[in-house]
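Here's the letter readout for the chains.
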Amino acid sequence: MMKRDQCFRALARHVSDEIVVATYSSAVDWLALGERALNYFSVGAMGLDSSHALGLALGRPDKRIICLQGDGSLLMNLGCLVTIAAAAPNNLVHMVVQNGTYEANGSHPIPNTKVEFAAMARAAGYAHVHEFSELANFEQQAAHVLKQDGPVFATLHVERSKPLTYDYANLYDPARRAALKAALRAT
Amino acid sequence: MDADLLTEGDDTIELKGSSIIAAIKASGVEFILSVPDIVTSGGLLRPISRDPAFKLIRVCKEDECIGIASGLSYCDKRALTLIQYTGFLDSINAIRGVAVEYRQPICMMIGLLGHDPSTTPRNSPRYGVRIIEPILDAMGIPHHLINEDADVAKIHPAIEHAYTTSHPVALLIGRRPSAS
């Protein structure tokens, strides 16, 4: 089983000018790897990260969008799989980090920890679907996954992480939103 | 009479779908995000679905629209969320978080299913319709009733204001727009 921060470090080696959408624990671990203007953390309601990512993908077809969504978050917005597959943005990579818990809300389990998100994404009509549970395999495949024509879906099976500190004031600082918008206008 | 049962033939006051669509276009809206609503189905959604000037994104649940519109707004793309009031009620938390607290220009066109257009939404025979304007007021979201052709002139300035001030707005469709 992988760890989320290990996966993100592997992913970050291949990320340059992509827009990365993340919330809660994923946002904390992604931000720990470094500040960048093209991070999109200001999503406002759990479950909508994938919908924000779809909006970005539709609005900026010239850029690639990476959505790092938690499993609890995706469960709140399962219909997005069908919406995204139908809209079919070829620049969207949708990763769900599956640790089986609502980690930011006390680490209670999700209703069914064995739920198969990759199967759902495949059935919904994503162009490419992957599942990773071994870090070496993910490290080897990450660059390929990020370059595929989307919508691409990948489940990252990870352990529960160590307790995180959620500095929401920092994560959702309006200055970040302004910096993102400015960065998008500049590129 | 239950307004659900009103047909275009019963209703002598006009609200032309084509006028509303023209106002949406004039507002620079490129994306329509929608779950079908019987109030706006024939007069708005169907012609929009055939209009190459729009990119129609059909979503599974209305709160998806709020996220998608927010993402688009970061790309300086304008979107209109076309939903029924029930979908608005279902999306309250998304609207609270994304549109209000994060001050995003989320423009919603909301069909008031079951509303009697001869009265105001606050006096609607439908409980669900009666609570819409008070909820919008409590959330600080400006709203405009589009009940007849003369009201269509409110649409362009309302959307323009939403985008220039980065603030949500609700356009309440009080009767079924005609398909012409």
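To be clear, the structure that these remarks concern was listed above.
Just so it is clear, the model here is predicted, and its values are computed rather than measured. (Residues numbered from 1 in each chain as written. Chains lettered and ligands numbered in written order. Predicted model: local features only at pLDDT ≥ 70, side-chain atom pairs only at ≥ 80, totals over all residues. Heavy atoms only, no water.)

## Focus: the pattern of salt bridges
Residues and elements named next belong to chain A. Applying the stated rule across the entire model yields 20 salt bridges over all chains. With a closest N to O distance of 2.8 Å, E35 and R176 form a salt bridge. Taken together, the residues span a long stretch of sequence, with E35 in the loop between α2 (24-31) and β2 (39-40) and R176 in helix α9 (residues 174-186) at a distance of 141 residues. Residue class for E35 comes out exposed when judged on its relative accessible area of 58%. (Salt bridge = Lys/Arg side-chain N within 4 Å of Asp/Glu carboxyl O. Helix = DSSP H or I, 4+ residues; strand = E, 2+ residues; numbered from the N terminus. Buried < 20%, exposed > 50% of the residue type's maximum accessible area, 1.4 Å probe, protein only.)

## A few points about the sheet that holds strand β8 (residues 152-157) of chain A
Residue and element names in this part refer to chain A. Spatial strand order, β2-β1-β3-β4-β8-β7: 6 strands in an open sheet with parallel pairing. Two strands in the sheet have a free side with no partner beyond their single neighbour: β2 and β7 (128-132). Against the sheet, helix α3 (residues 49-59) contacts β1 (19-22), β2, β3 (65-70) and β4 (92-98), and its axis sits at roughly 175° relative to β3. (Pairing = 2+ DSSP bridges. Contact = heavy atoms within 4.5 Å. Axes fitted to C-alpha atoms, helices over the stretch in contact; angles between N-to-C directions.)

## Focus on the sheet that holds strand β5 (residues 143-146) of chain B
Residues and elements named next belong to chain B. Taking strand neighbours across the sheet as the criterion, the 6 strands line up as β2-β1-β3-β4-β6-β5 in an open arrangement whose pairing is parallel. Since the sheet does not close on itself, it has two edges, and those belong to β2 (55-58) and β5, each with one partner. With direction set aside, neighbouring strand axes in the sheet form an average angle of 20°. Across the face of the sheet, helix α1 (residues 17-26) comes into contact with β1 (29-34), β3 (78-84), β4 (107-111), β5 and β6 (169-173) while running at roughly 125° to β1. Each of β1, β2, β3 and β4 touches helix α2 (residues 41-50); the most contacted strand, β2, lies at about 120° to it.

## A short note on empty space enclosed by the protein
All names here are of chain A. In this structure the tally under the stated criterion is 2 cavities of 30 Å³ or more. Within this model, the largest cavity holds a volume of roughly 190 Å³. Around the largest cavity, the lining comprises 17 residues; the ones closest to its centre are Y24, S25, G70, T101 and E103. If you list the elements that add at least two residues to the lining of the largest cavity, you get α2, α4 (71-75) and β5 (101-102). Among the residues making up the lining of the largest cavity, the classes are represented as 5 nonpolar, 9 polar and 3 charged. Taken as a whole, the second largest cavity spans an internal volume of roughly 50 Å³. Lining the second largest cavity are N39, Y40, F41, S42, L171, Y172, D173, R176, R177 and L180. At the level of secondary structure, the elements contributing two or more residues to the lining of the second largest cavity comprise β2 and α9. When its residues are assigned to classes, the lining of the second largest cavity shows 5 nonpolar, 2 polar and 3 charged. (1 Å grid on protein atoms, 1.4 Å probe; cavity = no way out; pocket = protein on both sides within 12 Å on 5 of 7 lines; lining within 4 Å. Points joined across faces, edges and corners; volume = space filled by probe spheres on them. Nonpolar A, V, L, I, M, F, W, Y, C, P; charged D, E, K, R; others polar.)

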